[in-house]
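Here is what each chain is made of, one letter per residue.
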Amino acid sequence: MRKYWLIKSEPSELSIDDMVTLPNQTIEWFGIRNYQARNFMLNEMQEGDLALFWHSSCKEPGIYGIVSVVGQAHPDSHQFDVKSKYFDAKAKPDKPIWWCVDFKYIEKTKFISIKELRLYPELAKLQVLKKGNRLSISRISENEWVFIQKLLKNSV
DNA sequence: GCCAACGTTGGC
DNA sequence: GCCAACGTTGGC
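This write-up is about the structure you can find in this document. Keep in mind that what you see is a predicted model, and the values were worked out from it rather than measured.

1. Side note on the overall build of chain A
A count of helices and strands for chain A gives four helices and six strands. Secondary structure elements of chain A occur, N-terminal to C-terminal, as β-α-β-α-β-β-β-α-β-α. Over its C-alpha atoms chain A spans a radius of gyration of 16 Å, differing by no more than 12% from the 15 Å that the globule rule assigns to 156 residues. Taken over the C-alpha atoms alone, chain A extends approximately 50 × 30 × 30 Å along its principal axes. Looking at the 156 residues of chain A, the share that counts as buried comes to 46%. Taking the intrachain contacts of chain A between residues at least 6 apart in sequence as the baseline, contacts between residues at least 24 apart amount to 73%. Total accessible area computed for chain A in this model is approximately 8,900 Å², and 51% of it derives from carbon and sulfur atoms. If you average the places of the 23 positive and of the 19 negative side-chain charges in chain A, the two averages end up 5 Å apart.

2. Here we look at the protein's contact with DNA strand C
Around DNA strand C sit Lys8, Trp54, Ser56, Ser57, Pro61, Ile114, Arg118, Asn133 and Arg134, and that is every residue in its neighbourhood. When the atoms of DNA strand C within 4 Å of the protein are sorted by group, sugar and phosphate make up 80%. In the environment of DNA strand C, a phosphate oxygen lies 2.7 Å from a nitrogen or oxygen atom belonging to the side chain of Lys8. One of the backbone N or O atoms of Ser57 is found 3.1 Å from a phosphate oxygen in DNA strand C. Classifying every residue of the surface near DNA strand C by side-chain character gives three nonpolar, three polar and three charged.

3. Remarks on the side chain of Ser138
Among the structural elements, Ser138 can be located in strand 6 (residues 137–140). Aside from chain neighbours lying at most four places away, what touches Ser138 is Tyr4, Trp5, Leu6, Phe40 and Gln127.

4. Digging into the protein's contact with DNA strand B
Within the structure, DNA strand B sits among Asn34, Tyr35, Lys131, Gly132 and Arg134. Between DNA strand B and the protein, one listed contact pairs a phosphate oxygen with a side-chain N or O atom of Lys131 at 3.1 Å. A per-class count over the surface near DNA strand B returns one nonpolar, two polar and two charged.

5. Here we look at the packing of aromatic side chains
The relative placement of two aromatic rings is captured by the distance of their centres and the angle of their planes. A full pass over the atoms with the stated rule returns eight aromatic pairs. Note on Phe30 and Tyr86: the rings are 5.9 Å apart at their centroids and 65 degrees apart in plane angle, and the pair reads as edge-to-face. With a gap of 56 residues between them, Phe30 in the loop between strand 2 (26–28) and helix 2 (35–44) and Tyr86 in the loop between strand 4 (62–75) and strand 5 (99–113) connect regions that are remote in the sequence. Owing to a relative accessible area of 22%, Tyr86 belongs among the partly exposed residues under this scheme. Feature note: the residues Trp29, Phe53 and Phe103 constitute an aromatic cluster, connected by ring pairs. Stacked on the ring of Trp5, the Lys or Arg Arg139 has its end atom at 5.2 Å from the ring centre.

Criteria and thresholds
Residues numbered from 1 in each chain as written. Chains lettered and ligands numbered in written order. Predicted model: local features only at pLDDT ≥ 70, side-chain atom pairs only at ≥ 80, totals over all residues. Heavy atoms only, no water. Helix = DSSP H or I, 4+ residues; strand = E, 2+ residues; numbered from the N terminus. Rg over C-alpha atoms; globule rule 2.2 N^0.38 Å. Buried < 20%, exposed > 50% of the residue type's maximum accessible area, 1.4 Å probe, protein only. Contact = heavy atoms within 4.5 Å. Areas by Shrake-Rupley, 256 points an atom, 1.4 Å probe, with all protein chains shown as cover. Lys, Arg positive; Asp, Glu negative; His and termini not counted. Charge placed at Lys NZ, Arg CZ, Asp CG, Glu CD. Near = heavy atom within 4 Å. Polar contact = N/O pair within 3.5 Å; in protein donor to acceptor, adjacent residues only side chain to side chain. Nonpolar A, V, L, I, M, F, W, Y, C, P; charged D, E, K, R; others polar. Phe/Tyr/Trp six-rings, centres within 6.5 Å; stacked < 30°, edge-to-face > 60°. Lys NZ or Arg CZ within 6 Å of the ring centre and 35° of its normal.

Okay, here's the thing in structure tokens:
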């Protein structure tokens, strides 16, 4: 069964507009160095899962688009790259520590700000709205997903 | 730029 | 295995 996710990205690093310009409009989600987020990608994500694309650490945090999971989890290539800031000396090619999936651009949506999302009781449990939230990948329930799709279609 | 919240590290 | 110290995240 398809699962739903929310992935955060700093637009100064990778924005939804950047996604459009990528080869195959697809990118390896490298650089995740948090075990909870890694485990989502390694153990739970499947081809075809959908994710909200969130801009964080920016002027207008919120939902900007939708992407989908492509293929399966694979070792994060940057952990072996000495020149990368995501290099991890403890990781070896035959024993990777960090795993990730690839994400493909689906659509750029209407922008929904974090401020607006906080208004809806239906979304009160969203991880991304919780105080002190730092998790860069989180689960979205089907009900939450459906509700947000309605928001995006202006039908709430 | 501030600062609360969180995950990770490392000494014991 | 505890827990204080530290570095980072990210909304405001």
